[in-house]
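# Structure at a glance
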Amino acid sequence: MPVDAGKLPDAQLLDGRSRDGGATAVAHPNIALVKYWGKRDERLVLPYTDSLSMTLDVFPTTTSVRLSPGATTDEVTLNGVLAEGEAGRRITAFLDLVRERAGRAERAVVCTSNTVPTGAGLASSASGFAALAVASAAAYGLRLDATGLSRLARRGSGSASRSIFGGFAVWRAGTDAGTDTDRDAETVMDLASHAEPVPVGDLAPALVIALLDTGPKAVSSREAMRRTVETSPLYRAWAASSRADLVEMREALRHGDLAAVGEVAERNALGMHATMLAARPAVRYLSPTSVTVLDTVLRLRRDGVPAYATIDAGPNVKVLCRSSDADQVSAAVRAAASCPVAVAHCGPGARLQTGDR
Ligand code: DP6
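Fair warning: this is a prediction, and the values are worked out from it, not measured in the lab. (Residues numbered from 1 in each chain as written. Predicted model: local features only at pLDDT ≥ 70, side-chain atom pairs only at ≥ 80, totals over all residues. Heavy atoms only, no water.)

### A short note on the site of the ligand
Stated precisely, the cut-off is as follows: Residues are labelled near a given molecule or strand when at least one of their non-hydrogen atoms is within 4 Å of it. Two N or O atoms count as a polar contact when they lie within 3.5 Å, although within protein this holds only if one can serve as hydrogen donor and the other as acceptor, and sequence-adjacent residues are included solely when both atoms are side-chain atoms. Accessible surface area values rest on a Shrake-Rupley calculation with a 1.4 Å probe, where residue burial reflects the displayed protein chains alone. The secondary structure listing takes helices from DSSP runs of H or I that are at least 4 residues long and strands from runs of E that are at least 2 residues long, numbered from the N terminus. Note on residue classes: Ala, Val, Leu, Ile, Met, Phe, Trp, Tyr, Cys and Pro are nonpolar, Asp, Glu, Lys and Arg are charged, and everything else, Gly too, is polar. Note that the domain bounds reflect an automated or database-derived domain assignment.
The full set close to the ligand counts 18 residues, and Tyr36, Lys39, Ser157, Gly158 and Ser159 are the nearest of them. Ser157 is positioned with one of its side-chain polar atoms (N or O) 2.6 Å from an oxygen atom of the ligand. A distance of 2.7 Å separates an oxygen atom of the ligand from a polar atom in the side chain of Arg162. In isolation the ligand has 460 Å² of accessible area, and contact with the protein removes 94% of it. For the shell around the ligand, the element with the highest residue contribution is helix H6 (residues 221–231), accounting for three residues. Here the shell around the ligand is composed, by residue class, of seven nonpolar, five polar and six charged. For the shell around the ligand, the two domains that each supply at least three residues are domain 1 (3–199 + 347–353) and domain 2 (205–344).

Next up, the structure:
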């Protein structure tokens, strides 16, 4: 059931009770309408700019975490296959953080299954780390509200901070100023950077997702954003314009003005890709078919259908439109790009499966 963007279920709250039998959580991906691109602190995952997204009702990730007393390593299974290399290391590093906060040492058995293709610029790390944050915090007995869960998820993957919430969410970059003398600067920075829900007016949006290429991307978004920040002469200009975009986006959402939301989202995303194209060496996620879909979106607009494109770290194009136009937009995209499409609406925030609450 799509969630009405104005009527979100309460965010998840963890009571601090550890679940020795383990816990399972479900989270959905989110697509940013004002993008996160560039970290000012890699370890704490602190971004340069605020970002704003819509959580989807498709492609959920389900993750279970069970403590494994006596084991000397974590065992991580990703879509039925034992995770090795970078993916496994990121999950273990995340669990180390949870263990440190919980003051516990047990290793864990983690099973995660994505219904979205992993690593294809379809936000699998957002749903993945949001589900892992909720499941692991519950299993190890952390007491956290939605803000705390968002901060925790952020440490796994920046965009995951937003998937803790349903509907629309803004992730605040936070500040570097350590004004609170009782706390160290790092804690102050960590506390200030989390997502929160965004109030929206009467808006019934759909995202038509053109599944152009669902294979893993050649350059990870982590590496691509690092290279962009370090080498692209356009990065600072985009970051400045993105701050202005966020102000306009919030206003457009409050008024339920889909055309304004779409215009800001499209220019913000194309600007982000411009920064990457100017990186050295260039990062190019757009494929010829991505450009074909961008042309289709322009044609739809000329024909009077409000449709706007956004693209993440991959070639797949997501088209924002009214729910009532989703069939027409899907048909146009499918015809132009000969690709499968998925239609998403606003979805719920990350939560424990009913039996684990
Ligand atoms: C283009 O959240 O995957 O989707 O924090 O390095 O894990 P890390 O990056 P990630 O980057 C997402 C980038 C984006 C834009 C967005 O979701 O805001």
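### Remarks on the sheet that holds strand E13 (residues 195–197)
Rule in force here: The pairing criterion is simple: DSSP has to find at least two bridges between the two strands. In this description, a line fitted to the C-alpha atoms serves as the axis of each element, helices being fitted only across the stretch in contact, and the angle between N-to-C directions of two axes falls anywhere from 0 to 180 degrees.
Taking strand neighbours across the sheet as the criterion, the four strands line up as E3-E6-E12-E13 in an open arrangement whose pairing is antiparallel. With partners counted over all chains shown, the strands left at the sheet margins are strand E3 (30–34) and E13, one partner each. Averaged over all pairs of adjacent strands, the angle between their axes in this sheet comes to 30°, without regard to strand direction. As paired elements, strand E6 (residues 51–55) and strand E12 (residues 168–171) share four bridges and run antiparallel to each other. Note that in E12 the partner of Leu52 across the bridge is Val170.

### With respect to the environment of Ala309
Which entries qualify depends on this criterion: Note on contacts: a residue pair is in contact if any heavy atoms of the two residues lie within 4.5 Å.
Tracing the backbone through its elements, the reader meets Ala309 in strand E15 (residues 307–311). In this structure, the C-alpha to C-alpha distance between Ala309 and Leu294, residues 15 residues apart in sequence, is 6.7 Å. The residues touching Ala309, leaving out its near neighbours within four places in the chain, are Ala265, Glu266, Leu294, Val297, Val317 and Lys318.

### Re the nonpolar core
In plain terms, the rule: To qualify as a nonpolar core, a set must consist of buried Ala, Val, Leu, Ile, Met, Phe, Trp, Tyr and Cys residues joined through side-chain atoms within 4.5 Å. Exposure categories follow from relative accessible area, calculated using a 1.4 Å probe and restricted to protein chains: below 20% of the type maximum is buried, above 50% is exposed, and the middle band is partly exposed.
In this structure, Trp37, Leu132, Leu152 and Ile164 are the most contacted members of the largest nonpolar core, which totals 53 residues. Looking at which element gives the most residues to this core, the answer is helix H2 (residues 124–140), with eleven residues. Taken domain by domain, this core gets at least three of its residues from each of domain 1 (3–199 + 347–353) and domain 2 (205–344). Setting aside chain neighbours within four positions, we find Leu152 in contact with Phe94, Leu97, Val98, Arg101, Ala133, Ala137, Leu142 and Leu144. Counting residues in hydrophobic clusters, the runner-up holds 30 residues, among them Leu52, Met54, Val58 and Leu253.

### Observations concerning the packing of aromatic side chains
We apply this condition: Note on ring pairs: Phe, Tyr and Trp rings are taken, using the six-membered ring of Trp, and paired if centres are within 6.5 Å. Classes follow the plane angle, with under 30 degrees stacked, over 60 edge-to-face and the rest tilted.
Going through the model one piece at a time under the given rule, you end up with four aromatic pairs. Between Tyr36 and Trp171, the ring centres sit 4.6 Å apart and the planes meet at 70°, which makes this aromatic pair edge-to-face. Of this pair, Tyr36 sits in the loop between E3 and strand E4 (39–41) while Trp171 sits in strand E12; the two residues are 135 residues apart in sequence, bridging distant segments of the chain. Comparing Tyr36 with Trp171, the two get one shared label, buried. Measuring from ring centre to ring centre gives 6.0 Å for Tyr235 and Trp238, while their planes differ by 45°; the resulting arrangement is tilted. Here Tyr235 and its partner Trp238 are both found in helix H7 (residues 235–254), three residues apart, which amounts to about one turn of the helix.

### Brief notes about the side chain of Ser136
With respect to the helices and strands, Ser136 occurs in helix H2. Excluding residues that lie within four positions of it along the chain, Ser136 makes contacts with Val65, Phe94, Leu95 and Val98.

### Thoughts on the sheet that holds strand E18 (residues 351–352)
Taken in spatial order, the six strands of this open sheet run E9-E8-E10-E7-E2-E18, and their pairing is mixed. For this open sheet the edge positions go to strand E9 (81–82) and E18, each flanked by a neighbour on one side alone. Direction of pairing for strand E8 (residues 75–78) relative to strand E10 (residues 107–114): parallel, over a ladder of four bridges. Looking across to E10, one finds that Val76 is bridged to Val110. Against the sheet, helix H1 (residues 85–102) engages E8 and E10, with an angle of about 130° to E10. Its contacts with the sheet place H2 against strand E2 (23–27), strand E7 (61–68), E10 and E18, and it is angled at close to 35° to E7.

### Concerning the layout of surface pockets
Rule in force here: Residues are said to line a cavity or pocket when one of their atoms sits within 4 Å of a point; the points come from a 1 Å grid over protein atoms alone, cavities being sets where a 1.4 Å probe fits but cannot get out and pockets being open sets with protein on both sides within 12 Å along at least five of seven lines. Grid points are joined across faces, edges and corners, and a volume is the space filled by probe spheres set on the points.
Approximately 230 Å³ is the volume found for the second largest pocket. Forming the walls of the second largest pocket are Glu42, Arg43, Val45, Arg89, Arg90, Ala93, Phe94, Leu97, Phe129, Arg155, Gly156 and Arg222. Contributing elements (two or more residues each) for the lining of the second largest pocket: H1 and helix H3 (146–156). Looking at the lining of the second largest pocket element by element, the count peaks at five residues for H1.

### Comments concerning the domain arrangement of the protein chain
Put simply, the rule is: As a working definition, buried area equals the accessible area (1.4 Å probe) given up by two parts on being put together, with both sides summed. By definition here, a salt bridge exists when the distance from a side-chain nitrogen of Lys or Arg to a carboxyl oxygen of Asp or Glu is within 4 Å.
In terms of domains, the protein chain is made up of domain 1 (3–199 + 347–353) and domain 2 (205–344). If you average the C-alpha positions of domain 1 and of domain 2, the two centres end up 24 Å apart. Where domain 1 abuts domain 2, roughly 3300 Å² becomes buried across the two surfaces, and 68% of that area is made up of carbon and sulfur atoms. By the criterion of area lost to domain 2, the three top residues of domain 1 are Leu33, Lys35 and Trp37, representing 26% of everything that side buries. Put simply, domain 1 and domain 2 have two salt bridges between them. Ionic pairing is found between Asp312 and Lys35, a salt bridge with its closest N-O pair at 2.6 Å. Across the domain 1-domain 2 interface, the total number found is eight residue pairs in polar contact (both at pLDDT 80 or more). Of all the secondary-structure elements, those providing two or more residues to the side of domain 1 that touches domain 2 are E3, E6 and E12.

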